[in-house]
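So you can see what is in the structure, the chains are spelled out below.
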Amino acid sequence: MSSQPQPAPYPPAPAAADADALAGAQQLTDVITRLRRALRSSIRSEFPWEALPMAQVELLQTLAASPLRVGELAARQRLAPNTVSGLISKLLDAGLVDRQPDPGDRRTARIALTEAGHQQLRDWQSAHERRLATALESLTPDDREAVMRALPGLDLLARSLAGTDPLR
């Protein structure tokens, strides 16, 4: 008989509080998934020029603050460096980013947004803001207020998941 510990066949039954948290997490996951899907599909149907995959948009958003090395981008996006390199290659071909010498290390380059990249990001942001504003206007005042009241908590949740929660 093996002396290695065997994994339990099933996780232990959750406590009531854990079950409530799990049910809330399942509901939140469902809503976020449907919201992201609705945003992606609605932006493409209403604004057909919007063809950037979300992974590329997220890189542009990250680069909007300052130029970064591929490794830094990969770490911030929690992606493999080769994945980020592939995305960067597409953004370079589209003229949305360029390579700049790294003043701290001449052997490496930093990726920076071009003016076209900044404009594409502004256009993308504006289109999403208009789409969300229209959707918010379609809600009842109470529902709209409930969504707006949830934003600080959702922001803290996003920071916690990203490991950037200042309260930690």
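Before reading further, recall that the structure is shown in the block above.
Notes on the structure in this doc start here. The shown structure was predicted, so the numbers you read here are calculated from the model rather than taken from an experiment.

The subject of this paragraph is the overall build of the protein. The helix and strand inventory of the protein stands at six helices and two strands. Overall, the protein shows an N-to-C arrangement of helices and strands of α-α-α-α-β-β-α-α. The 168 residues of the protein split such that 20% are buried. For the protein, contacts bridging at least 24 residues in sequence account for 45% of all contacts bridging at least 6. With an accessible surface of roughly 11,900 Å², the protein has 58% of that area assigned to carbon and sulfur atoms.

Right, let's talk about the pattern of salt bridges for a bit. Counted under the stated rule, the structure contains seven salt bridges. The salt bridge partner of D30 is R34, with a shortest N-O separation of 3.1 Å. Taken together, the positions of D30 and R34, both in helix α1 (residues 16–46) and four residues apart, correspond to about one turn of that helix. Here E115 makes a salt bridge to R122, at a shortest N to O gap of 2.8 Å. Residues participating in the shared-partner salt-bridge network are R69, E72 and D102.

Attention shifts here to helix α3 (residues 70–77). Three- or four-residue spacings in an α-helix give side chains the same orientation, since the helix completes a turn every 3.6 residues. Within the span of α3, buried status applies to L73, A74 and Q77. One side of α3 carries all its buried residues, which in axial view fall inside an arc of 100°. Across from the buried face of α3, at angles greater than 90 degrees, the exposed residues are A75 and R76. Against α2 (54–63), α4 (81–93) and β2 (105–113) lie the buried residues of α3. Following α3 by one or two positions, R78 has its phi on the positive side, about 55°.

Before going further, it helps to spend a moment on the layout of surface pockets. Roughly 2,100 Å³ of internal volume is contained in the largest pocket. Along the walls of the largest pocket sit 44 residues, with I32, L35, R36, L39 and L154 positioned nearest its centre. The set of elements that each furnish at least two residues to the lining of the largest pocket consists of α1, α2, α3, α5 (115–138) and α6 (141–162). When the residues that make up the lining of the largest pocket are grouped by side-chain class, the tally is 25 nonpolar, seven polar and 12 charged.

Bringing the pairing of β2 into the picture now. Along a regular strand, successive side chains alternate from one face of the sheet to the other. Looking at chain direction, strand β1 (residues 97–102) and β2 are connected through six bridges and run antiparallel. What sits directly across from D98, in β2, is A112. Hairpin connection of β1 to β2: two residues between the antiparallel strands.

Another aspect to go through is the nonpolar core. Core analysis: the largest hydrophobic core is formed by 18 residues, its most contacted members being L59, L60, L63, L73, I88, L91 and V97. In this structure, L60 is in contact with L52, L91, L96, V97, L113 and L121, ignoring residues within four places of it in sequence.

Close contact between α2 and α5 brings their axes to 10 Å; oriented N to C, the two are set at 115°. Here α2 lies roughly perpendicular to α5, going by the angle between them. Handedness of the crossing formed by α2 with α5: left-handed. Residues M54, V57, L60 and Q61 of α2 lie in contact with α5, whose contacting residues are L121, W124 and Q125.

Definitions and limits used
- Residues numbered from 1 in each chain as written.
- Predicted model: local features only at pLDDT ≥ 70, side-chain atom pairs only at ≥ 80, totals over all residues.
- Heavy atoms only, no water.
- Helix = DSSP H or I, 4+ residues; strand = E, 2+ residues; numbered from the N terminus.
- Buried < 20%, exposed > 50% of the residue type's maximum accessible area, 1.4 Å probe, protein only.
- Contact = heavy atoms within 4.5 Å.
- Areas by Shrake-Rupley, 256 points an atom, 1.4 Å probe, with all protein chains shown as cover.
- Salt bridge = Lys/Arg side-chain N within 4 Å of Asp/Glu carboxyl O.
- Arc of directions from axis to C-beta.
- 1 Å grid on protein atoms, 1.4 Å probe; cavity = no way out; pocket = protein on both sides within 12 Å on 5 of 7 lines; lining within 4 Å.
- Points joined across faces, edges and corners; volume = space filled by probe spheres on them.
- Nonpolar A, V, L, I, M, F, W, Y, C, P; charged D, E, K, R; others polar.
- Pairing = 2+ DSSP bridges.
- Core = buried A, V, L, I, M, F, W, Y, C linked by side-chain atoms within 4.5 Å.
- Axes fitted to C-alpha atoms, helices over the stretch in contact; angles between N-to-C directions.
- Parallel < 35°, antiparallel > 145°, perpendicular 65-115°, else oblique.
- Left-handed = near helix turned anticlockwise from the far one by under 90°.

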